[in-house]
Amino acid sequence: MDKPRVAFFDFASCEGDQLQIVNLEEDLLKVVGAVDVVSFREAMKGHSDNYDIAFVEGSITRRSDEPRLLEIRKNAKILVAIGACATIGGVNLLKNFQDLESVRKFVYGDKFFQYETYPARPIKAVVPVDLEIHQCPINRDEFVMAFKALLMGKKPEFPNYPVCEDCKKAENICVFEMGMTCMGPVTRAGCGACCVVEGSVCWGCRGFIDHPNADSEREVLAKYGLSVGDILKKFRLYTGFSEVSK
Amino acid sequence: MELKKIDKPDLGLFLQNLIKDFQVEGVKRKGQSVYGQSFFYGSINAPDELCLDFDCTTMPPKKYFIPPKEELLKFTIAPKPEVAEVIESKPLIIFGVHPYDLKAVNQMDKIFSEGNPDPNYLKRREGILLIGVDPTKVSPRSFWNSMEAASVSSGFDLMLTDIGESYLVEVGTDKGGNLLKKYAKVSSVTKEEEQKRIDVRSKIWNMCKKRALNFPMRELPSLLVNSLNSPLWDEKASKCLSCVTCNMVCPTCYCFDVWDDVELDLTHGQRYRRWDGCLASDFAKVATGENFRETRAARYRHRFLRKGQYLFSKLNDAACVGCGRCAAYCLPDIADPVDVFNRLKEAVK
Amino acid sequence: MNHSMPDGSPYVPKWAEISRIEKLTESEKLFELRLSNGQPLGHKPGQFVEVSVLGIGEAPISISSPPINDNSFELAVRKVGNVTNAMHNLGVGGKLGIRGPFGTNFPIDEAKGKDILFVAGGIGLVPLRSFIKFVLENRKDYGEVTVLFGARNPSEQLFLSELEQWRGRKDISYLETVDRADENWKGNVGVITTLFPKVQVDPAKTICVVVGPPVMYRFVIMETKAKGIPDKQIFLSLERRMKCGLGKCGHCQINNIYVCQDGPVLRYSDIFALEEAL
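Quick notes on the rules
Residues numbered from 1 in each chain as written. Chains lettered and ligands numbered in written order. Predicted model: local features only at pLDDT ≥ 70, side-chain atom pairs only at ≥ 80, totals over all residues. Helix = DSSP H or I, 4+ residues; strand = E, 2+ residues; numbered from the N terminus. Rg over C-alpha atoms; globule rule 2.2 N^0.38 Å. Buried ≥ 20, exposed ≤ 12 C-beta atoms within 10 Å, placed from the backbone. Contact = placed C-beta atoms within 7 Å. Pairing = 2+ DSSP bridges. Axes fitted to C-alpha atoms, helices over the stretch in contact; angles between N-to-C directions. Core = buried A, V, L, I, M, F, W, Y, C linked by C-beta atoms within 7 Å. Nonpolar A, V, L, I, M, F, W, Y, C, P; charged D, E, K, R; others polar. Domains from an automatic or database assignment. Right-handed = clockwise from strand over helix to strand, strands pointing away. Expected span 1.5 Å × (residues − 1). pLDDT = per-residue confidence, 0-100.

Peer 1: Now, about the overall build of chain A: what can you tell me, with residues and values included?
Peer 2: Each helix and strand counted, chain A has 10 helices and five strands in total. Over its C-alpha trace chain A gives a radius of gyration of 19 Å, about what one expects of a compact globule, namely 18 Å for 246 residues. Counting the 246 residues in chain A, one finds 43% classified as buried. Relative to all contacts within chain A whose residues are 6 or more apart in sequence, the contacts with residues 24 or more apart total 72%.

As structure tokens, this is what we get:
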């Protein structure tokens, strides 16, 4: 059997997800050995449009991105969105809740009229996506898990329970008990609650679980002292796309 | 009943001696929360790391019996499929387990040895020595006194009670007795000291009566059967985050999921099991997509029925020991069994 | 703690080799398997096995053949998940891990000398086939035999050659229906309950065995009640997420029963009061 041909692409993003892949260390050789990488701007020269699996990083932030993404969708048998920007829109979505004209001026100064923009969106808002590997940036273990599953023709099984499960298993003290607040109770697990382990809180970068109880989370955040405005900010940092697409 | 005494200055020595020969796990202080000190089980490498005056640990000691992630099999896929069982055990002393958690361990022992015995659990269990300790403080949400879990008659190898100047040590098993003989400086116990243990215990048991069921725990199965259609389930579950915290921190929740992982060469792999929780939305979902407990209320009710009725029939006891962890760590504060059970009781009066 | 240590891990599967594959429909295949140890599986009609495809996972699959004296047995499998998809990609000679058989069986003894009404909806015919074939092989042990089979459409009918035999047999009455007909379908159209008016039963001596999708049970039971068949003479096979097969992992629990141990075959009178069963 021929090795699957794999290509990597990016849209609006920091390319941190591809960097995670490059940083797989000894696993990288095994990953690269199992497939033919035909396009990977971050790691190699050369490019081909003949590929089976496309890994796409980044969110779509302007109309002119769409034809390129449609082309990738057309070429790929399997399209995998990687990283929060690609799966849920990521922090790029923050601009959607501001005046786009001001955003352009802020970013591009007096040349702003040369740069088009539109509300940022995840890949699935433009083309059908076969698989989503969440997190900002993606975690290497989960990428390798999904990669192996693809090679075996298996649908990778991602957790559909909140970060709280990972967090309890990691034996953290709940951040709410430490006077902080957290998006963990509505966010998809699979990260090992890494941010809480490192002393921070869950920001929600893996997106919602399939059926988040957002109302209850809002009540909890309010109970622990957040204002309505702060709660909105908390929900919009990563999961704003669910709000606008509701 | 064999009862000995260890003077407090000698307890450190006992521990020091154990650490030389065994892996000792016990309760450690870990960070302050806004509610006070948090306690977790962890490795004890020096006597002063051990804390015996904790109110309740955040996580029960179940990780030592059922690891959160546990390898069941190693396998080779190609060229020839082969499978080998993985059953691991290492000698371990868990120093400082409250009676309610010991009761939970006793229940797990029964669950995993009856029906289809589970060798992974049993083998690991064989290697574990349990040194119990009577609480000196009661956590704000604990109600173990209501759940017949204030004391246990078995399940410990040694059982310590702080009577002031010294600890009284009840020997529960020969293994425990031998440990004491070999590693501890003990003396005999006077009638007064024996009485002191009774007094100390009844004092702490009384302190745990602030939060209590308003009815005998043995009535739980009939109460729950008559409460299947209570509006309480919907009311509480509407706030349920399905976050499974109540399952994770529960000393008697033992459900698990099983999955395969492979090496990158795709020819070798492992089958694992991990803690799962019945509050998770997909817990009862099958491959065809049918979800047999689709609503939060159905899942929420299931957990209380499992604790108070379903498992009652297997254990002849409630599978809730009253530690109060689920109540303490539930963010919307809907998981408190005392509140749920008392309100159900109120409603059927 | 007193306990007896089992001889080895109950999670270790035995090996079976695929000896024959028959395509049943677009999404279902029949696998004939032979245990590599040469022993019979030792199952009874209605039981299930846990099937492993190493690296992919394990899934509960009901056994669709009656017990026979050699080491073979049959599984009819719809591809709905990772394990069943992987099975569909295997060819003859492929190896599968097997644990079991697990669970309760259909009332092969209790039904002796009685009439039997089989009711199968869709792939409910897969487990029921083990009992139907068992009864046909031991035909003289049983009274009147009626088989009702409903499929969503003609292309989803399973075991076509066997259905053809059943249509022709004089010693059973076989009635079938489809929810939606196609241009070639000449038979009954309608859900399975529409077959009940065509059936005469002696309720006192009829054992009714029902297997189908979850939604079907309530409606079929209304019909069996209308026929006067006592609840204790009705048997169902329930589908749940039987992950461990050992009564431990909790996924298949319905109230106080574990479907992998106390089921999958259950007497209706034992479960009608269970909130979550049907």
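Once you've had a look at it, read on.
Peer 1: How would you explain the overall build of chain B if you had to name every residue and give the values?
Peer 2: Summing up its helical and strand segments, chain B has 11 helices and 11 strands in all. For 349 residues, the compact-globule estimate of 2.2 N^0.38 gives 20 Å, and chain B sits close to it at 22 Å. Taking the principal axes of the C-alpha coordinates as reference, chain B spans close to 65 × 65 × 40 Å. Burial analysis of chain B (349 residues in total) assigns 52% to the buried set.

Peer 1: Which residues make up the sheet that holds strand S5 (residues 82-85) of chain B, and what are the values?
Peer 2: All names here are of chain B. Pairing is antiparallel across the open sheet formed by four strands, whose spatial order is S5-S4-S11-S10. Unpaired on one side and paired on the other, S5 and strand S10 (256-262) mark the two borders of the sheet. This sheet shows a mean twist of 25 degrees between the axes of neighbouring strands, independent of strand direction. For strand S4 (residues 69-76) and strand S11 (residues 268-275), the ladder comprises seven bridges, and the chain directions are antiparallel. Bridge assignment links phenylalanine 75 to a residue of S11, and that residue is glycine 269.

Peer 1: Can you explain the nonpolar core? Please cite residues and give values.
Peer 2: A general trend in soluble globular proteins is that nonpolar side chains are found buried together. Within the largest apolar cluster, 125 residues are counted, with the highest numbers of intra-cluster contacts made by Ile131, Trp144, Leu158 and Val169 of chain B. Apart from the residues lying within four places of it in its own chain, the contact partners of tryptophan 144 of chain B are Tyr100, Ala149, Ala150, Cys208, Val321, Gly322 and Cys323 of chain B. Core analysis: the second largest hydrophobic core is formed by 119 residues, Phe241 of chain A together with Tyr11, Phe102 and Val211 of chain C among them.

Peer 1: Can you explain the interface of chain A and chain C? Please cite residues and give values.
Peer 2: Facing the four residues of chain A at the interface are five residues of chain C. Of the residues in the side of chain A that touches chain C, the class split is one nonpolar, one polar and two charged.

Peer 1: Account for the interface of chain B and chain C, with residues named and values stated.
Peer 2: Of the residues lining the interface, 42 residues belong to chain B; the matching set on chain C comes to 40 residues. Those elements that provide at least two residues to the side of chain B that touches chain C are S4, S5, helix H2 (99-113), helix H3 (119-126), S10, S11 and helix H9 (296-315) of chain B. Here the side of chain B that touches chain C gets six residues from one element, more than from any other, and that element is S10 of chain B. Each residue belonging to the side of chain B that touches chain C can be placed in one class, and the counts come to 25 nonpolar, seven polar and 10 charged.

Peer 1: Give a detailed account of the domain arrangement of chain B, specifying residues and quantitative values.
Peer 2: Residue and element names in this part refer to chain B. Here chain B is partitioned into domain 1 (2-207) and domain 2 (217-348). Every contact between the two is made by 34 residues of domain 1 and, on the other side, 29 residues of domain 2. Within the residue set of the side of domain 1 that touches domain 2, elements represented by two or more residues are S4 and H2. Residue composition of the side of domain 1 that touches domain 2, by class: 18 nonpolar, six polar and 10 charged.

Peer 1: Account for unusual backbone geometry, naming residues and giving values.
Peer 2: Residues and elements named next belong to chain C. Residues glycine 100 and proline 101 are joined by a peptide bond in cis, for which omega reads 10 degrees. Residue position: proline 101 is located in strand S6 (residues 95-102). Cis rather than trans, the peptide bond between glycine 263 and proline 264 has omega equal to 10 degrees. If you trace the backbone, proline 264 turns up in the loop between helix H5 (259-262) and strand S15 (265-267). At asparagine 255, a residue that is not glycine, the phi angle is positive and equals roughly 45 degrees. Looking at where asparagine 255 falls in the secondary structure, it is placed in the loop between strand S13 (253-254) and strand S14 (257-258).

Peer 1: So what's going on with the sheet that holds strand S9 (residues 166-171) of chain B? Which residues, and what values?
Peer 2: By way of backbone hydrogen bonds, the strands of a sheet pair with one another, either parallel or antiparallel. Residues and elements named next belong to chain B. If you walk across this open sheet you meet the seven strands as S1-S9-S8-S7-S6-S2-S3, and the pairing is mixed. Two strands in the sheet have a free side with no partner beyond their single neighbour: strand S1 (2-7) and strand S3 (36-43). With direction set aside, neighbouring strand axes in the sheet form an average angle of 30 degrees. As defined by bridge partners, strand S2 (residues 24-33) adjoins strand S6 (residues 92-97) across three bridges and the pair is classed as parallel. When the sheet's bridge partners are listed, glycine 26 is paired in S6 with phenylalanine 95. Packing against the sheet, helix H1 (residues 8-21) makes contact with S1, S2, S6 and S9, and its axis sits at approximately 100 degrees to S1.

Peer 1: So what about the domain arrangement of chain A? Which residues, and what values?
Peer 2: Residue and element names in this part refer to chain A. For chain A, the assigned domains read domain 1 (5-152) and domain 2 (163-244). Each of domain 1 and domain 2 has a C-alpha centre, and the two are 25 Å apart. With 17 residues of domain 1 in contact, the opposing surface of domain 2 contributes 13 residues. Take the side of domain 1 that touches domain 2: its biggest share by element is three residues, from helix H4 (residues 84-88). Among the residues making up the side of domain 1 that touches domain 2, the classes are represented as eight nonpolar, seven polar and two charged.

Peer 1: Now, about the pairing of strand S4 (residues 78-82) of chain A: what can you tell me, with residues and values included?
Peer 2: Residues and elements named next belong to chain A. The buried fraction of S4 is high, at four of five residues. As paired strands, strand S3 (residues 53-57) and S4 are joined by five bridges and run parallel to one another. Looking at S4, one finds that alanine 54 is bridged to leucine 79. Following the backbone out of S3, through helix H3 (residues 66-75) and into the adjacent parallel S4, one traces a crossover that is right-handed.

Peer 1: An account of helix H6 (residues 140-152) of chain A is requested, with residue identities and associated values reported.
Peer 2: Residues and elements named next belong to chain A. When the terminal C-alpha atoms of H6 are compared, their 18 Å separation across 13 residues agrees well with the 18 Å that a helix rising 1.5 Å per residue should span. Taken together, the buried positions of H6 are Glu142, Phe143, Ala146, Phe147, Lys148, Ala149, Leu150 and Met152. Immediately downstream of H6, the backbone of glycine 153 shows phi near 75 degrees, a positive value.

Peer 1: Help me get a handle on the environment of cysteine 205 of chain A, residues and values and all.
Peer 2: All names here are of chain A. With respect to the helices and strands, cysteine 205 occurs in the loop between helix H8 (194-197) and helix H9 (214-223). Its 25 C-beta neighbours within 10 Å are what place cysteine 205 among the buried residues. Along the sequence, cysteine 205 and leucine 150 sit 55 residues apart, while their C-alpha atoms lie 23 Å from each other.

Peer 1: Go over the confidence of the model for chain B with me, naming the residues and quoting the values.
Peer 2: Per-chain confidence: chain B averages 96 in pLDDT, with 100% of residues scoring 70 or above. Confidence estimates for the predicted assembly give a pTM of 0.95 and an ipTM of 0.95.

Peer 1: Got a sec to walk through helix H2 (residues 125-137) of chain C? Specific residues and values, please.
Peer 2: Residues and elements named next belong to chain C. With 13 residues, H2 should reach 18 Å at 1.5 Å per residue; the first-to-last C-alpha distance of 17 Å fits that figure. Counting buried positions along H2 yields 10 of 13 residues, so the element is predominantly enclosed. Those residues of H2 that fall on the buried side of the exposure criterion are Leu125, Val126, Pro127, Leu128, Arg129, Ser130, Phe131, Ile132, Phe134 and Val135. Its buried side turned inward, H2 meets strand S4 (57-62), strand S5 (72-78), strand S7 (115-121), strand S8 (145-151), strand S11 (206-211) and strand S12 (234-237).

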